Amino acid sequence: MKKGLIPVLLLTAGLLISCGKKEDFIVEEPKVYAIDSGKEQGEANEGDTGDGKEEPVPEGGTNTGYREAYEEISRQCELEEGGDLQYNLIDVDGNEIPELAAVKNGYYASLYTYDNGKVYNLMDRWAYGAMGNSGYEYCPGKNSLRNYNTDYAGAILYTTYMTIGSQHTIDTVAEIVTYNFDDANGNGIPDEEEEGSMGYYSVSYINGAEASNEECAAYKAGEYEYIQGVMSGDELRAKLREQN
């Protein structure tokens with residue numbers, strides 16, 4: 001395979017096209033929800049700028065305040081997106097406080113985390129279910145997320161490893177692109193004369209540099225599970241109240 005700029009260009013194109021939303025793997029300031037449980041729903045909050053980035057989250061102990069906060073977030077989600085969402089409480093980062101997943105299964109996923117009286121929106125309706133994107137995975141308690149995308153019926157595989165960063169954002173750890181065919185002419189696509197090599201040839205690049213199987217596998221933190229919804233809003237709120 002000819003080397004050069006092709007792997008880098010293909011990786012960039014894969015992340016912008018295959019993932020459905022180009023912003024999925026770009027670090028941005030997270031939406032922050034600082035809800036005061038002592039206020040009536042809809043009452044204005046002191047310091048609320050009205051720009052939609054801050055919404056009313058209850059104060060509380062570090063390990064318990066998330067319960068009321070996630071209840072309120074689930075209600076807001078239902079007001080904005082209707083009753084199609086399903087929810088789950090999952091442990092992504094292993095800090096004893098679960099993350100809240102709000103998912104329209106097969107279409108998109110949102111993810112929230114709680115820290116010191118505030119809820120941070122880590123994933124805001126990240127799309128999947130098309131263009132070879134089967135969803136977003138996490139390794140329980142290991143602060144490692146993973147996403148696969150494919151192109152040309154699996155001839156090119158994109159693997160992205162991510163983590164929850166210190167600023168409550170999803171940060172990319174590594175971007176791996178794997179060619180499952182011999183790109184003899186170096187144009188980055190499986191041409192007719194190269195299709196016979198599919199399944200018999202494989203080479204991977206990490207951030208544009210050729211990498212061994214061992215180097216690629218080093219990013220795997222353990223067994224991964226898909227982020228998906230398993231409860232209705234009412235079931236979620238009942239579960240949170242049972243934990244009190």
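Note: the structure precedes this text.
This section reports on the structure supplied with the text. Bear in mind that the values here come from a model prediction, so they are computed numbers and not experimental data. (Residues numbered from 1 in each chain as written. Predicted model: local features only at pLDDT ≥ 70, side-chain atom pairs only at ≥ 80, totals over all residues. Heavy atoms only, no water.)

Re the overall build of the chain
So, step 1. Per the secondary structure count, the chain includes 4 helices and 12 strands.
So, step 2. Looking at the chain as a whole, 45% of its 244 residues qualify as buried.
So, step 3. Surface exposure of the chain reaches about 12300 Å², of which carbon and sulfur atoms provide 46%. (Helix = DSSP H or I, 4+ residues; strand = E, 2+ residues; numbered from the N terminus. Buried < 20%, exposed > 50% of the residue type's maximum accessible area, 1.4 Å probe, protein only. Areas by Shrake-Rupley, 256 points an atom, 1.4 Å probe, with all protein chains shown as cover.)

A few points about the sheet that holds strand β6 (residues 136-139)
So, step 1. The 7 strands lie next to each other as β11-β10-β9-β8-β7-β6-β12, forming an open sheet whose pairing is antiparallel. The outermost strands of the open sheet, each flanked by one partner alone, are β11 (209-211) and β12 (225-226).
So, step 2. Across 2 bridges, β6 lies against β12 in antiparallel orientation. If you follow Glu137 over to β12, its bridge partner there is Tyr226. (Pairing = 2+ DSSP bridges.)

Examining the side chain of Thr113
So, step 1. Relative to the elements of secondary structure, Thr113 occurs in strand β4 (residues 108-115).
So, step 2. A polar contact of 2.9 Å, which involves the side chain of Thr113, links it to the side chain of Glu99.
So, step 3. When neighbours within four sequence positions are excluded, Thr113 is seen to be in contact with Tyr70, Asp93, Glu99, Lys118, Val119, Tyr120, Leu122 and His168. (Polar contact = N/O pair within 3.5 Å; in protein donor to acceptor, adjacent residues only side chain to side chain. Contact = heavy atoms within 4.5 Å.)

What about helix α4 (residues 233-242)?
So, step 1. Of all the positions in α4, only Gly233, Leu236, Arg237 and Leu240 are classed as buried. Buried residues of α4, seen end-on, are gathered within an arc of 95 degrees and therefore sit on one face of the element. With respect to the buried face of α4, the exposed residues turned more than 90 degrees away are Asp234 and Glu242. (Arc of directions from axis to C-beta.)

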